[in-house]
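# Coordinate inspection notes
Each chain, written out:
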Amino acid sequence: MLYFEKEQSFAHKMDKKDSLSTFRDRFYIPGGTIYMDGNSLGLLSKDAEYSVTRILNEWRDLAIKGWLQGKTPWFYFAEEIGKKTANLVGANPEELIMTGTTTVNIHSLISSFYKPEDKRTKILADELNFPSDIYALKGQLKLKGFHPEKDLVLVPSEDGYLLDEEDIVNLMTDEVAVAFLPSVLYRSGQLLDMKYLTQKAHEKGILIGFDCSHSAGLVPHKFSEWGIDFAVFCSYKYLNGGPGCSAFLYVNEKHFGKEPLLAGWFGNNKETQFDMSLVFDPAQNAGAWQISSPGILGSAPMEGSINLINEAGIKKIREKSKQLTSYLVFLIQEYLGGEPYSFRIVSPENPERRSGHIAITRDQELFRINEALKSKGVVPDFRPPSLIRLAPSPLYNSYEDVWKVVQYLKEIVDKEEYTSFSSQRDAIS
Ligand SMILES: *Cc1c(COP(=O)(O)O)cnc(C)c1O
């Protein structure tokens, strides 16, 4: 299945055969750029733009009536988008809700699922985790009167890029109450074996949750079938929901009825919410973990975006993504492996074990090489101390984009073009 050639004509051939190629025209690709940063902020689609405009018009024309008379009534918006998104992650429709933001959702779920008892007082995470997730876990430990360092067990990584599932399992001791891990390590793109980790955690009496921000909309999951207890993910990476778009949270139906401790009135049973009782009557589904009025304007792009993703189909998206990243790996090895290029790939070799980006490193000058790459119209991202991440999106990148990026990198090193750039870093890279 994975066969590549190094000439540009091969990229053309692949683009002609690509059944997802037409989706590219549904996106706004910033002029003159090759956008390879969909793992940080996905692009705006015309579909998302349309849903935002429509909902803005509903506010203008319907005002408060929009809560029940919007095309997707705002009162049920979070539930409806949850239902439409459920198939991407293998959730039952009632188990997924669009709400809050990733980090707030972590707080909300950990506050319910972390119940230190007797010897089981620890939370298990990993040292390669996204900082925000770790801050949230430490805060939750403190809130419950535990120690943010001693009671947070971080699985170490041998090389600073990858984790070994067996190391995680070995730390699943009878002192651990909850494990909270990313589906994908945001630097290397390594995809963890969530099914296996869930099975092992449960064998050891540990609840397990995942942050799937770096896989949702790209890698199909089977949350319910695997029996994952809870999960969160953002919607602005591969889901293309826009900057700070409302996020998602998942609660397995076996936990319906558990008490949401960061309680708020939108978590109430919808039938009794407007009775305005002072006694919280939580919804018997994942919606119970909502807190406030849903940010309808901040969720609006997701409606168009999820329709587009469902039209393309998550299986096809994943297939093309694996092809694109494997093609990128192939070209890097062909063109950029030896001296003087000396780029090394830190992402897992096996496409089944990685998400949608390829991370490359180099002993010297990587930052300025990245600056030179940006000046050629490529949008990559740089993660200190020395990592360039390239994420070819199956919905709006072509094989030719991938080919060109590798040629640019070659040119930058061949002609030492990086020497004319500064080593100063912007606030957001
Ligand atoms: C993107 C991402 C976040 C972002 O958190 P916000 O609360 O949405 O800012 C958190 N965790 C992980 C693993 C991410 O990939």
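Residues numbered from 1 in each chain as written. Predicted model: local features only at pLDDT ≥ 70, side-chain atom pairs only at ≥ 80, totals over all residues. Heavy atoms only, no water.

What follows covers the site of the ligand. All residues in the neighbourhood of the ligand are listed as Thr 102, Thr 103, Phe 130, Asp 133, Asp 211, Ser 213, His 214, Tyr 236 and Lys 237. Take Thr 103: an N or O atom from its side chain is 2.6 Å from an oxygen atom of the ligand. Between the ligand and Asp 133, the relevant distance is 2.7 Å, taken from a nitrogen atom to a side-chain nitrogen or oxygen of the residue. In the shell around the ligand, the residues fall into two nonpolar, four polar and three charged. (Near = heavy atom within 4 Å. Polar contact = N/O pair within 3.5 Å; in protein donor to acceptor, adjacent residues only side chain to side chain. Nonpolar A, V, L, I, M, F, W, Y, C, P; charged D, E, K, R; others polar.)

Below, the discussion takes up the pairing of strand β4 (residues 152-155). With four bridges connecting them, strand β3 (residues 122-126) and β4 associate as parallel partners. Residue pairing for β4: Leu 124 is matched across the bridge by Val 153. Crossover connection from β3 via helix α6 (residues 131-143) to parallel β4: handedness right-handed. (Pairing = 2+ DSSP bridges. Helix = DSSP H or I, 4+ residues; strand = E, 2+ residues; numbered from the N terminus. Right-handed = clockwise from strand over helix to strand, strands pointing away.)

On to the domain arrangement of the protein. Taken domain by domain, the protein consists of domain 1 (8-31 + 313-420) and domain 2 (50-311). Put simply, the middle of domain 1 and the middle of domain 2, counted by C-alpha atoms, are 30 Å apart. Summing both sides of the interface, domain 1 and domain 2 together bury roughly 2,200 Å²; the carbon and sulfur share of this comes to 59%. In terms of surface lost to domain 2, no three residues of domain 1 exceed Ile 314, Arg 353 and Ser 355, which account for 27% of the buried area on that side. With a shortest N-O distance of 2.8 Å, Glu 311 and Arg 26 are connected by a salt bridge. (Domains from an automatic or database assignment. Buried area = accessible area lost by both parts, 1.4 Å probe. Salt bridge = Lys/Arg side-chain N within 4 Å of Asp/Glu carboxyl O.)

Time to look at a nonpolar patch on the surface. There is a patch of nonpolar side chains on the surface, built from Leu 56, Trp 59 and Leu 297 and spanning about 310 Å² of accessible area. When you line up the elements, Leu 56 lands in helix α2 (residues 46-62). (Patch = residues over 30% accessible without salt bridge, like charges linked within 9 Å, V, L, I, M, F, W, Y side chains within 5 Å. Areas by Shrake-Rupley, 256 points an atom, 1.4 Å probe, with all protein chains shown as cover.)

Judged by nonpolar contacts, the single largest core of 62 residues is most densely connected at Ile 168, Leu 197, Phe 223, Phe 233 and Leu 395. Broken down by element, this core gets its largest block of residues, seven residues, from helix α11 (residues 296-312). Each of domain 1 (8-31 + 313-420) and domain 2 (50-311) contributes no fewer than three residues to this core. Residues in contact with Leu 197, not counting those within four places in the same chain, are Glu 165, Ile 168, Val 169, Met 172, Leu 181, Leu 192, Ile 208 and Phe 210. Core analysis: the second largest hydrophobic core is formed by 37 residues, Met 14, Ala 372, Phe 382 and Ile 388 among them. (Core = buried A, V, L, I, M, F, W, Y, C linked by side-chain atoms within 4.5 Å. Buried < 20%, exposed > 50% of the residue type's maximum accessible area, 1.4 Å probe, protein only. Contact = heavy atoms within 4.5 Å.)

On to the pattern of salt bridges. For the coordinates displayed, the defined rule picks out 27 salt bridges. Note that Glu 58 and Arg 54 form a salt bridge whose closest N and O atoms lie 3.2 Å from each other. Taken together, the positions of Glu 58 and Arg 54, both in helix α2 and four residues apart, correspond to about one turn of that helix. Taken as a pair, Glu 58 and Arg 54 share a single burial class, namely buried. Salt-bridge contacts for Asp 61 lead to Arg 60; the nearest nitrogen and oxygen are separated by 2.8 Å.

A separate point is the packing of aromatic side chains. The tally for this structure, following the rule as stated, stands at 23 aromatic pairs. Ring centres of Phe 4 and Tyr 327 lie 5.4 Å apart, and the angle between their planes is 40°; on these two criteria the pair is classed as tilted. Pair noted here: Phe 4 is in the segment before α1 (8-17) and Tyr 327 is in helix α12 (residues 314-336), with a separation of 323 residues, a long-range link. Ring geometry for Phe 75 versus Tyr 76: centroids 5.1 Å apart, planes at 70°, classification edge-to-face. Given a relative accessible area of 9%, Phe 75 falls into the buried group. Through a chain of ring-to-ring contacts, the aromatic side chains of Trp 67, Trp 74, Phe 75, Tyr 76, Trp 265, Phe 266 and Phe 274 assemble into a single cluster. Between Lys 270 and the ring centre of Phe 75, over which it is positioned, the NZ or CZ distance is 4.6 Å. Taking NZ or CZ as reference, Arg 362 lies 5.5 Å from the ring centre of Phe 343, over its face. (Phe/Tyr/Trp six-rings, centres within 6.5 Å; stacked < 30°, edge-to-face > 60°. Lys NZ or Arg CZ within 6 Å of the ring centre and 35° of its normal.)

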